[in-house]
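Structure assessment
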Amino acid sequence: MISQHKRPKYSLNFKQDAAKLVLEKGYSHQQAADSLGISLSAIRRWVRAEKGYPTPLGNNQANLNLSEREELIKLECAEFFFYLLDLLFDLFRRAAKLLTFQDGQLTF
């Protein structure tokens, strides 16, 4: 059985504070990672994001800092929620067209 490694979830404040250790306090990436008990790649991603540098992924979050990325994720989640709500409404509307009442009985 192959176990999948799950990346830990960190809050936006934690990521920003970690990036500030490098950007404002003069820590090296390695020192910040060691002091916080996080991976070196995570601190590098967060610092790069706070600087607003493009990410190697080339996605729509490329030039956004951490707070802007989190806001975009919230907006995308809300957009997806309303999309699902619209699908559900459409499903109920179609089902209602199929159902009729005759003599107090529900028929198809």
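Note that this is a predicted model, so its numbers are computed, not measured. Starting from 1, residues in each chain are numbered consecutively following that chain's sequence as written. Confidence filtering applies because this is a predicted model: local features only for residues at pLDDT of at least 70, side-chain atom pairs given and counted only at 80 or more, and all residues used for totals across whole chains, interfaces and linings. Only hydrogens and water are removed before side-chain values are computed, so all heavy atoms of the structure are retained for them.

Our next topic: the packing of helix α1 (residues 12–23) against helix α2 (residues 29–36). Here an axis means a line fitted to C-alpha atoms, over the contact stretch when the element is a helix, while the angle between two N-to-C directions is reported on a 0 to 180 degree scale. Note on conventions: DSSP H or I runs of at least 4 residues are helices, E runs of at least 2 residues are strands, and numbering of each starts at the N terminus. Close contact between α1 and α2 brings their axes to 8 Å; oriented N to C, the two are set at 140 degrees. When the interaxial angle is binned, α1 and α2 end up oblique. For α1 against α2, the interelement crossing comes out right-handed. For the pair formed by α1 and α2, the contact residues are Phe14, Ala18, Leu21 and Val22 on the first element and His29, Ala32, Ser35 and Leu36 on the second. By the convention adopted, Pro, Cys, Tyr, Trp, Phe, Met, Ile, Leu, Val and Ala count as nonpolar, Lys, Arg, Asp and Glu as charged, and the other residues, Gly among them, as polar. Here the contact of α1 with α2 is built from residues that sort into six nonpolar, two polar and no charged. Throughout, the term roughly parallel applies to angles under 35 degrees, roughly antiparallel to angles over 145, roughly perpendicular to angles from 65 to 115, and oblique to all others. The handedness criterion is simple: a crossing whose near helix is rotated anticlockwise from the far helix by less than a right angle is left-handed, and one whose near helix is rotated clockwise is right-handed. We call two residues in contact whenever any of their non-hydrogen atoms come within 4.5 Å of each other.

Bringing the environment of Ile43 into the picture now. Relative to the assigned elements, Ile43 resides in helix α3 (residues 40–51). For Ile43, a relative accessible area of 0% puts it in the buried group. Sequence separation of Ile43 and Ala32 is eleven residues, and the distance between their C-alpha atoms is 7.4 Å. If sequence neighbours within four positions are ignored, Ile43 has contacts with Ala18, Ala19, Val22, His29, Ala32, Ala33 and Ile38. Burial classes: relative accessible area under 20% of the type maximum marks a residue as buried, over 50% as exposed, and values in between as partly exposed (1.4 Å probe, protein chains only).

This paragraph deals with the confidence of the model for the protein. For the protein, the average pLDDT comes to 82, and 81% of its residues sit at 70 or higher. Across the protein, element-level confidence peaks in α2 with a mean pLDDT of 94 and bottoms out in strand β1 (residues 100–102) with 69. Confidence scores labelled pLDDT are given residue by residue by the predictor and lie between 0 and 100.

On to the pattern of salt bridges, then. Where charged atoms from two side chains of opposite charge approach closely, those side chains can pair. Whenever Lys or Arg places a side-chain nitrogen within 4 Å of a carboxyl oxygen from Asp or Glu, that contact is recorded as a salt bridge. All chains considered together, the criterion is met by two salt bridges. Asp90 is paired through a salt bridge with Arg93; the nearest N and O atoms lie 2.3 Å apart. Of the two residues, Asp90 and Arg93 both sit in helix α4 (residues 66–98), three residues apart, roughly one turn of that helix. According to the relative accessible area criterion, Arg93 is partly exposed, its value standing at 40%. For Asp90, the salt bridge is made with Arg94, and the minimal N-O distance between the two is 3.0 Å. Placement of the pair is Asp90 and Arg94 together in helix α4, with a separation of four residues, close to one helical turn. Through salt bridges with shared partners, a single network forms among Asp90, Arg93 and Arg94.

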